[in-house]
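What follows is each chain in one-letter form.
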Amino acid sequence: MSSPMSPFRHSSKEFTPAQFGRAWMVHIFTTLGIVASMLALRDIIIGDVVHAKRAIFWLLMTLLIDGVDGPIARALEVERRVPQIDGFLLDLIIDYVACVIVPACFMYEFHVVPNNNFGVFVLCVVVFTSALWFARKDMETEDHWFRGFPAAWNIVGPILYLLEAREGVGAVICLVLSAVTLTTMPYPHIARARFMRYWTWAGATCWIGGVAAGMLSLPHHHEYVRVMLYVGSAYFVVLAGIRVVYVHRRDKRSATPAPPEPASAAEAR
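From a predicted model like this one, the values you see are computed outputs, not experimental measurements.

### Some details on the confidence of the model for the protein chain
Now for step 1: With 88% of its residues at a pLDDT of 70 or more, the protein chain has an overall mean of 86.
Now for step 2: Element-level pLDDT for the protein chain is lowest in helix 10 (residues 265-268), with a mean of 46, against a maximum mean of 96 in helix 5 (residues 117-134).
Now for step 3: Low confidence marks residues 265-269, where pLDDT is under 50. Its contacts with residues over four positions away, or in another chain, come to 0 contacts.

So, in structure tokens, the structure goes:
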């Protein structure tokens, strides 16, 4: 029986050591997401405005890492070059911590939801439905649209905080998005979805740019930041509706049988 191959040692004749090393660098880059999550959690535990600013920064870093590591991994054929490491599973583990657990702590500590038993209940619903979403086998369509809200609480939490949403409003929004998580409501993979791609990039830039600008301006809450956050949020809500209509019409056209071809004169006789 052969001994198991170490994932840290280059042994393939198909790829060079340099290619193997670059593939491993992508895994290291992905895993930095869990480090950023830990740093965000440290600032959340301290709990003042200065550390809220730092926590939002680290949550934005998790969003950035999660957004770009996939395309890089596919370009460098990481799955083939380091087959002993499951990049998809690694990404899921990190995403559940970075996108769900740490933001849930953020929302509780910084009063996005009520600091009482009801607030704890809301966050229990958040982590429960998010766990089910991450376990979905149908989470993404072939054209890279997520089914249901993709548990992106690392953007929702900071947005509600920067908008100074009332705790009750934050709780309702969290419950609504948790319910949507278990539906088939479409949400684009910002880096890969092609439908209305350039509009989506513009909306995402407005959204994330608003979070970044709001973070830098803390403890002040400027009106232009609110406008950017409202516009970005509204875009993705409208986009979901447009996508539902588009898919419905596409499916309806594909289900309509083609009209029969007219018979030739010879066939008619």
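### A short note on the packing of helix 6 (residues 153-162) against helix 8 (residues 197-217)
Now for step 1: With their axes 10 Å apart at the nearest point, helix 6 and helix 8 run at an angle of 55° to one another. Of the possible angle classes, the one that applies to helix 6 and helix 8 is oblique. In this structure, the crossing between helix 6 and helix 8 has a hand that is left-handed. Contact residues: Ile155, Pro158, Ile159 and Leu162 in helix 6; Trp207, Ile208, Gly210, Val211, Gly214 and Met215 in helix 8.
Now for step 2: In terms of residue class, the contact of helix 6 with helix 8 is built from 8 nonpolar, 2 polar and no charged.

### A short note on helix 4 (residues 87-109)
Residues spaced three or four apart along an α-helix face the same direction, because each turn holds 3.6 residues.
Now for step 1: Compared with the 33 Å implied by 1.5 Å per residue over 23 residues, the 32 Å span of helix 4 between its first and last C-alpha is a close match.
Now for step 2: Its maximal kink placed at proline 103, helix 4 deviates by approximately 30°.
Now for step 3: Inspection of helix 4 places Asp91, Leu92, Ile94, Asp95, Ala98, Cys99, Val100, Val102, Pro103, Ala104, Phe106 and Met107 among the buried residues, and these make up the whole buried set.
Now for step 4: Residues of helix 4 that are buried in the fold lie against helix 1 (17-46), helix 2 (49-75), helix 5, helix 6 and helix 7 (167-181).
Now for step 5: The opening residue of helix 4, the one whose side-chain oxygen lies 3.1 Å from the backbone nitrogen of phenylalanine 88, is aspartate 86.
Now for step 6: Of the residues trailing helix 4, histidine 111 is marked for its positive phi of about 60°.

### Quick notes on the side chain of aspartate 95
Now for step 1: Structurally, aspartate 95 can be placed in helix 4.
Now for step 2: No salt bridge forms around the buried aspartate 95; measuring N to O, its nearest opposite-charge neighbour arginine 74 is 11 Å away.
Now for step 3: Excluding residues that lie within four positions of it along the chain, aspartate 95 makes contacts with Asp66, Val100 and Phe134.

### Re the pattern of salt bridges
Here the idea is simple: oppositely charged side chains can pair when their charged atoms come close.
Now for step 1: What the rule picks out here adds up to 7 salt bridges.
Now for step 2: Salt-bridge contacts for arginine 226 lead to glutamate 164; the nearest nitrogen and oxygen are separated by 2.4 Å. Taken together, the positions of arginine 226 in helix 9 (residues 223-255) and glutamate 164 in the loop between helix 6 and helix 7 put the pair 62 residues apart, joining distant regions of the chain.
Now for step 3: Look at glutamate 164 and you get partly exposed, because its relative accessible area is 46%.
Now for step 4: By sharing partners, the salt bridges in this structure join Glu77, Arg80 and Arg81 into a single network.

### So, the packing of aromatic side chains
Now for step 1: The final tally for this structure, using the stated rule, is 16 aromatic pairs.
Now for step 2: Centroid distance phenylalanine 57 to tryptophan 58: 5.0 Å. Interplanar angle 70°. Geometry classified as edge-to-face.
Now for step 3: Seen in terms of ring centroids, tryptophan 133 and phenylalanine 146 are 5.6 Å apart; in terms of plane orientation they differ by 70°. Their pairing is edge-to-face. Of the two residues, tryptophan 133 is situated in helix 5 and phenylalanine 146 in strand 1 (residues 145-147); the sequence distance between them amounts to 13 residues. Of the two residues examined, tryptophan 133 and phenylalanine 146, each falls in the buried class.
Now for step 4: Among the aromatic side chains, those forming a connected cluster through ring pairs are Phe149, Trp153, Tyr187, Trp207, Tyr235 and Phe236.
Now for step 5: Sitting over the face of the ring of phenylalanine 195, arginine 243 holds its NZ or CZ atom 5.3 Å from the ring centroid.

Parameters at a glance
- Residues numbered from 1 in each chain as written.
- Predicted model: local features only at pLDDT ≥ 70, side-chain atom pairs only at ≥ 80, totals over all residues.
- Heavy atoms only, no water.
- pLDDT = per-residue confidence, 0-100.
- Helix = DSSP H or I, 4+ residues; strand = E, 2+ residues; numbered from the N terminus.
- Contact = heavy atoms within 4.5 Å.
- Axes fitted to C-alpha atoms, helices over the stretch in contact; angles between N-to-C directions.
- Parallel < 35°, antiparallel > 145°, perpendicular 65-115°, else oblique.
- Left-handed = near helix turned anticlockwise from the far one by under 90°.
- Nonpolar A, V, L, I, M, F, W, Y, C, P; charged D, E, K, R; others polar.
- Expected span 1.5 Å × (residues − 1).
- Bend = angle between axes of the 7 residues up to and from the residue.
- Buried < 20%, exposed > 50% of the residue type's maximum accessible area, 1.4 Å probe, protein only.
- Polar contact = N/O pair within 3.5 Å; in protein donor to acceptor, adjacent residues only side chain to side chain.
- Lys, Arg positive; Asp, Glu negative; His and termini not counted.
- Salt bridge = Lys/Arg side-chain N within 4 Å of Asp/Glu carboxyl O.
- Phe/Tyr/Trp six-rings, centres within 6.5 Å; stacked < 30°, edge-to-face > 60°.
- Lys NZ or Arg CZ within 6 Å of the ring centre and 35° of its normal.

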